[in-house]
Amino acid sequence: GKASVFELLGERRCGVLHPQSLQRALLETRGKHMQLCDDRTIDPPFQSAIMSMSVDHVEDRYMLVGYANGGVAIIDVSEETVKDKKFECALRIPQGQAHDFGVTSLAWYTRDTGLFVSGGFDEVVKIWDTNKAEVAIEYKTKGKVYDIDVHKTSTLHNLVAAANGHVVSLYDANSGLRQHSLRGHQGTVNCVAWSVCEQYQLFSGGSDGTVRLWDVRQGASCLAFLSPEGKPWTSRKRRRTEHDGTASSSSKGDEAALLAHAKGVSCLRFTPDGRYLLSSGGDERVRLWNPVSCELEIVNYGAFPQARAAAYKKVQFDVSWSGKLLFHPCQNEVVVCDLASGNRISRLRGHVGTVKCCVAKPRGEDLFSGDQDANILVWTPNDRFLDGEEEVEVDVDNWSDSD
């Protein structure tokens, strides 16, 4: 239920409320009161549009930023290293040395910040030695790389998934070899996301409007399609509707039922606990999926219109560390939504240029957003609700001293 901060503190002192429940409720409420930070700024390492951002999950400290000119920067976003109210740029890799063209995706290595992966329009995937600022492994692909992902908790493999051209390519970071490709999309593959709960399961989204589930150990065909019509479609069911490349009127209707988004899928994100998968697309909509059953959850987030003149229309959204809030770029602002209900909580305004991506700290409260004018803004919670009168929603846990 809802109660004021004073009431919750009283319940905590009386032993009615678990301390972790109070902490979680306060942090979630703080996340709903975001504002532009006036005492922490970031000077642009490059004067070029920002295309991708990623904060490491190990130290919660270093942020990768990819630029349209092919440059890559690492910014130290730790509170302990702030100098003159600015987050410092720890590493700057210029165009040509990093990539020849736009850097569309960046990802940190699973276990530490000693390695990171980058991919771009120059049809190259690179694994970097962070300390030496050198390329450790380089893969030449057969198409532009639109997205990459590294499993954040895997203990069974070190595969890098890359969406390049019409396929998803899998690379082994240990051996440096390309394993195999996942084929099936009828257009370019725009995004990939490893399942949080299943180490060998991968989701992909493409310009054909489909979101597909793969078991990377079985590269022949995908396991299922995520369908907004209800129950998911398996690849076996889809094959029954196909015959020699022709389709009847009923099968064409079946094909339409496979579309997760009407105008292509541009981004996929899991909630931190792996309970939900979110997708956004060219239809300016966000959809919430159950990744286990592959069924659509009925939540209306509204439309997220994008700049019509933008040459590169893909945007990167993110989910808060708690899994309760959605942060999504919308023209020159970031919209904050309640993940469960779809209600819009606030609009973060401060950018002049079109916002292309945003990323939240995995274990912190800060949010970072980047625009096409090379600006990175820092957003932090507003502490005004700490006057004690603001109502806080708390989930009451059943607990005892023996827990």
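Treat the numbers as computed from the prediction; the structure is a model and nothing was measured.

What counts, and where the lines are drawn
Residues numbered from 1 in each chain as written. Predicted model: local features only at pLDDT ≥ 70, side-chain atom pairs only at ≥ 80, totals over all residues. Heavy atoms only, no water. Core = buried A, V, L, I, M, F, W, Y, C linked by side-chain atoms within 4.5 Å. Buried < 20%, exposed > 50% of the residue type's maximum accessible area, 1.4 Å probe, protein only. Helix = DSSP H or I, 4+ residues; strand = E, 2+ residues; numbered from the N terminus. Salt bridge = Lys/Arg side-chain N within 4 Å of Asp/Glu carboxyl O. 1 Å grid on protein atoms, 1.4 Å probe; cavity = no way out; pocket = protein on both sides within 12 Å on 5 of 7 lines; lining within 4 Å. Points joined across faces, edges and corners; volume = space filled by probe spheres on them. Nonpolar A, V, L, I, M, F, W, Y, C, P; charged D, E, K, R; others polar. Polar contact = N/O pair within 3.5 Å; in protein donor to acceptor, adjacent residues only side chain to side chain. Contact = heavy atoms within 4.5 Å.

Examining the nonpolar core
Here's step 1: Ranked by internal contacts, the top residues of the largest apolar core, which has 18 residues, are Ile 42, Met 53, Met 63, Val 65, Ile 75, Phe 368 and Ile 376.
Here's step 2: Within the residue set of this core, elements represented by two or more residues are strand 3 (50-55), strand 4 (62-67), strand 5 (72-76), strand 28 (355-360) and strand 30 (376-381).

A short note on the pattern of salt bridges
Here's step 1: Using the criterion set out here, one finds twelve salt bridges in the structure.
Here's step 2: Between Arg 61 and Asp 76 there is a salt bridge; the shortest N-O distance is 2.8 Å. Here the residue Arg 61 occupies a position in the loop between strand 3 and strand 4, and Asp 76 occupies one in strand 5, the gap between them amounting to 15 residues.
Here's step 3: A residue is classified by how much of its surface remains accessible, and Arg 61, at 25% relative accessible area, is partly exposed.
Here's step 4: According to the relative accessible area criterion, Asp 76 is buried, its value standing at 7%.
Here's step 5: Residues joined by salt bridges that share partners form a network here, namely Asp 39, Arg 40, Glu 79 and Asp 366.

Observations concerning the layout of surface pockets
Here's step 1: If you add up the space inside the largest pocket, you get close to 970 Å³.
Here's step 2: Together, 49 residues line the largest pocket, and His 57, Asp 149, Lys 152, Arg 269 and Asp 318 are the ones closest to its centre.
Here's step 3: Of all the secondary-structure elements, those providing two or more residues to the lining of the largest pocket are strand 3, strand 7 (103-108), strand 11 (145-150), strand 15 (189-194), strand 20 (265-270), strand 24 (318-319) and strand 28.
Here's step 4: Class assignment of the residues belonging to the lining of the largest pocket gives a composition of 26 nonpolar, 13 polar and ten charged.

Things to note about the side chain of Asp 76
Here's step 1: Side-chain polar atoms of Asp 76 contact the side chain of Arg 61, separated by 2.8 Å.
Here's step 2: Within polar-contact distance, the side chain of Asp 76 engages the backbone nitrogen of Ser 78 at 3.0 Å.
Here's step 3: Not counting chain neighbours up to four residues away, the residues in contact with Asp 76 comprise Arg 61, Tyr 62, Thr 81, Phe 87, Glu 88 and Ala 90.

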